[in-house]
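Take a look at the letters that make up each chain.
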Amino acid sequence: MSLTPSTDATAADWISSSELLWPELVSFGPAGFPRHARLRFISDPVRVGQSENEAGAYGGTLSEAERLAIAVSVLRKHTSTPDELFFAFWDGFGFDMPAARFEVPNREFFLYSGKVAENGSWDIAVADQSPGQPWMPDPAFIWPADHTWCIANDVDPHWAGVGASSEAIAELLAEPRLDAVAAKPAEDQPHYY
């Protein structure tokens, strides 16, 4: 599966024009969703001041990309545009991506469209990637064309935030392969130091 570079960033206007403060925007996506969840990649810290390297093994046998792909497979049932998905990749990894760019305060992104692969891979064109390099960044945002949900996967937290309908979040929370918990974006979220 290969994602297509977007030639303009219009599809991301609802994110780039959001009036949310940037930490909430990059952690949970644009405002307006009735419910939110955190998709945890590792368990939350158990004490104040805990370092992420003290957390132990990362999230079991599934990679972050695989967990994101499972979340997308659940959320695709809750959109009228399941095959019209957008993927934004943070420009902070140093790759030169041939796609339209958009920005929010403190972050800039490359915009792609396409479908998610079952294995959670994001096959994208990167001009300066070495041949055979297996690692690609995970998307910072994923959303359908109808804006019925949004996954925000900022580089700093140990989780991705999800905004969606109550039904979609309930199904996400019930998915046994995922470690997801209900969340309120305006509240302080657990974090490692």
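Because the structure is predicted, anything quoted here is derived from the model rather than measured. (Residues numbered from 1 in each chain as written. Predicted model: local features only at pLDDT ≥ 70, side-chain atom pairs only at ≥ 80, totals over all residues. Heavy atoms only, no water.)

### Some points on the overall build of the protein chain
- Each helix and strand counted, the protein chain has 4 helices and 9 strands in total.
- Here the protein chain, with 193 residues, has 47% of them falling under the buried criterion.
- A sequence separation of at least 24 residues applies to 72% of the contacts in the protein chain between residues at least 6 apart. (Helix = DSSP H or I, 4+ residues; strand = E, 2+ residues; numbered from the N terminus. Buried < 20%, exposed > 50% of the residue type's maximum accessible area, 1.4 Å probe, protein only. Contact = heavy atoms within 4.5 Å.)

### Considering the pattern of salt bridges
- By the definition in use, this model includes 11 salt bridges.
- A salt bridge links Arg 38 to Asp 44; the shortest N-O distance between them is 2.7 Å.
- Notably, a salt bridge pairs Asp 179 with Arg 40, separated by 2.7 Å at the nearest N-O pair. In this pair, Asp 179 sits in the loop between helix 4 (166-174) and strand 9 (180-183) while Arg 40 sits in strand 2 (residues 35-40), placing the two residues 139 residues apart along the sequence.
- Judged by its relative accessible area of 16%, Arg 40 falls in the buried class.
- What emerges from the salt-bridge pattern is a single network uniting Arg 38, Arg 40, Asp 44 and Asp 179. (Salt bridge = Lys/Arg side-chain N within 4 Å of Asp/Glu carboxyl O.)

### Considering the packing of aromatic side chains
- On inspection of all chains with the given rule, the structure shows 8 aromatic pairs.
- Centre to centre, the rings of Trp 14 and Phe 33 are 6.1 Å apart; their planes meet at 75°, and the pair counts as edge-to-face. With Trp 14 in helix 1 (residues 13-16) and Phe 33 in the loop between helix 2 (22-28) and strand 2, this pair connects stretches of sequence that are 19 residues apart.
- A relative accessible area of 17% places Trp 14 in the buried class.
- For the ring pair Phe 86 and Trp 143, a centre distance of 5.7 Å and an interplane angle of 20° mean the geometry is stacked. Within this pair, whereas Phe 86 is found in strand 3 (residues 85-90), its partner Trp 143 is found in strand 6 (residues 141-144), the two being separated by 57 residues in sequence. Each of the two residues, Phe 86 as well as Trp 143, counts as buried.
- By the ring-pair criterion, three or more aromatic residues cluster together here, those being Trp 14, Phe 33, Phe 86 and Trp 143. (Phe/Tyr/Trp six-rings, centres within 6.5 Å; stacked < 30°, edge-to-face > 60°.)

### Concerning the environment of Glu 84
- Relative to the elements of secondary structure, Glu 84 occurs in the loop between helix 3 (64-75) and strand 3.
- As a C-alpha pair, Glu 84 and Ser 113 span 29 residues in sequence and 7.1 Å in three-dimensional space.
- For Glu 84, the contacting residues outside a window of four places in its chain are Trp 143, Pro 144 and Ala 145.

### What about the pairing of strand 4 (residues 101-104)?
- Side chains Phe 102 and Val 104 project from strand 4 onto a buried face, and the interleaved Arg 101 and Glu 103 project onto a face without burial.
- Where strand 4 lies against strand 5 (residues 107-114), 4 bridges are found, and the strand directions are antiparallel. Considered in strand 5, the bridge of Phe 102 is made with Phe 109.
- Here strand 4 folds back onto strand 5 in antiparallel fashion, the turn holding 2 residues, of which Asn 106 has a positive phi close to 70°. (Pairing = 2+ DSSP bridges.)

### Considering the packing of helix 3 against helix 4
- Following both chains from N to C, one finds helix 3 and helix 4 inclined at 140°, their axes separated by 9 Å at the closest point. Comparing the axis directions of helix 3 and helix 4 gives the class oblique. In this structure, the crossing between helix 3 and helix 4 has a hand that is right-handed. The residues of helix 4 that touch helix 3, namely those facing Ala 71, Val 74 and Leu 75, are Ala 168, Glu 171 and Leu 172. (Axes fitted to C-alpha atoms, helices over the stretch in contact; angles between N-to-C directions. Parallel < 35°, antiparallel > 145°, perpendicular 65-115°, else oblique. Left-handed = near helix turned anticlockwise from the far one by under 90°.)

### Quick word on the side chain of Glu 175
- The residue Glu 175 is located in the loop between helix 4 and strand 9 in this model.
- With residues near it in sequence (within four places) discarded, Glu 175 still touches Ile 70 and Val 74.

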